[in-house]
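For reference, the chains in residue letters:
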Amino acid sequence: MTNVTLIALPREAVLASLGPAWPPTPDATIVRIDSAAGVTDGAVVIYETPGQPGVTWWLVDGVIPPQGAGPGGDTLAALIPGATTETAPEPVPDSPPTT
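If you're wondering where the values come from, they're calculated on a predicted model, not measured in any experiment.

About the thresholds
Residues numbered from 1 in each chain as written. Predicted model: local features only at pLDDT ≥ 70, side-chain atom pairs only at ≥ 80, totals over all residues. Heavy atoms only, no water. Helix = DSSP H or I, 4+ residues; strand = E, 2+ residues; numbered from the N terminus. Buried < 20%, exposed > 50% of the residue type's maximum accessible area, 1.4 Å probe, protein only. Contact = heavy atoms within 4.5 Å. Areas by Shrake-Rupley, 256 points an atom, 1.4 Å probe, with all protein chains shown as cover. Pairing = 2+ DSSP bridges. Lys, Arg positive; Asp, Glu negative; His and termini not counted. Salt bridge = Lys/Arg side-chain N within 4 Å of Asp/Glu carboxyl O. Polar contact = N/O pair within 3.5 Å; in protein donor to acceptor, adjacent residues only side chain to side chain.

**Q** I would appreciate a short explanation of the overall build of the chain in the present structure.
**A** Broken down by element type, the chain carries two helices and six strands. Written out in order from the N terminus, the α and β elements of the chain read β-α-β-β-β-β-α-β. By principal-axis analysis of the C-alpha atoms, the chain measures approximately 60 × 25 × 25 Å. Burial statistics for the chain: of 99 residues in total, 31% are counted as buried. Sequence-distant contacts in the chain: of pairs separated by 6 or more residues, those separated by 24 or more amount to 70%. Per element, the accessible surface of the chain, about 6,000 Å² overall, is 58% carbon and sulfur.

Next up, the structure:
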């Protein structure tokens with residue numbers, strides 16, 4: 001049986017840990033956590049045996065971007081109740097282009 005634990009952390013701390021993995025590159029497969037989980041920023045820990053180490057994924061804005069923790073995408077989403085996969089969108093420009 002796979003266990004999932006969500007840990008809330010400050011968004012800034014998660015971003016500092018993710019480094020270049022945030023924002024995800026356009027067209028990357030991301031995992032979106034169900035908003036009913038109540039955690040939007042922090043960590044998602046996947047483990048088989050309670051009390052034993054598992055694999056930790058960083059979570060930002062309800063999204064797990066690709067990162068070095070292991071296979072993500074559909075494989076990871078299948079382990080997290082209510083999670084879905086999406087394709088990362090093109091980033092929104094900070095300001096409108098000048099003409």
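**Q** What's the story with the sheet that holds strand S6 (residues 84-87) in this structure? I'm lost.
**A** Pairing between sheet strands relies on hydrogen bonds along the backbone, with the strands arranged either parallel or antiparallel. Strand order in this open sheet of three strands is S5-S2-S6, and the pairing throughout is antiparallel. Here the strands that pair on one side only, and so sit at the sheet edges, are strand S5 (63-64) and S6. Direction of pairing for strand S2 (residues 29-32) relative to S5: antiparallel, over a ladder of two bridges. For Arg32, the partnering residue across the bridge sits in S5 and is Val63.

**Q** How should I be thinking about the pairing of S2 in this particular structure?
**A** Within a regular strand, side chains alternate between the sheet's two faces. Inspection of the sheet shows S2 paired to S6 by four bridges, in the antiparallel sense. Counterpart to Arg32 in the pairing with S6 is Thr84.

**Q** I would appreciate a short explanation of the side chain of Asp41 in the present structure.
**A** With respect to the helices and strands, the residue Asp41 is situated in the loop between S2 and strand S3 (42-47). Look at Asp41: it is buried, it has no salt bridge, and the nearest opposite charge is Arg11 at 4.1 Å. A polar contact is formed between the side chain of Asp41 and the side chain of Thr40, at a distance of 3.2 Å. Beyond its immediate sequence surroundings of up to four residues, Asp41 is in contact with Ile7, Ala8, Leu9, Arg11, Val14, Leu59, Val60 and Asp61.

**Q** Help me understand the side chain of Gln67 in this model?
**A** Along the polypeptide, Gln67 turns up in the loop between S5 and helix H2 (73-77). Classification of Gln67 by relative accessible area gives buried; the value is 16%. Of the polar contacts made by the side chain of Gln67, one reaches the backbone nitrogen of Trp58; its length is 2.9 Å. For Gln67, the residues in contact, after removing those within four places along its chain, are Leu18, Trp57 and Trp58.

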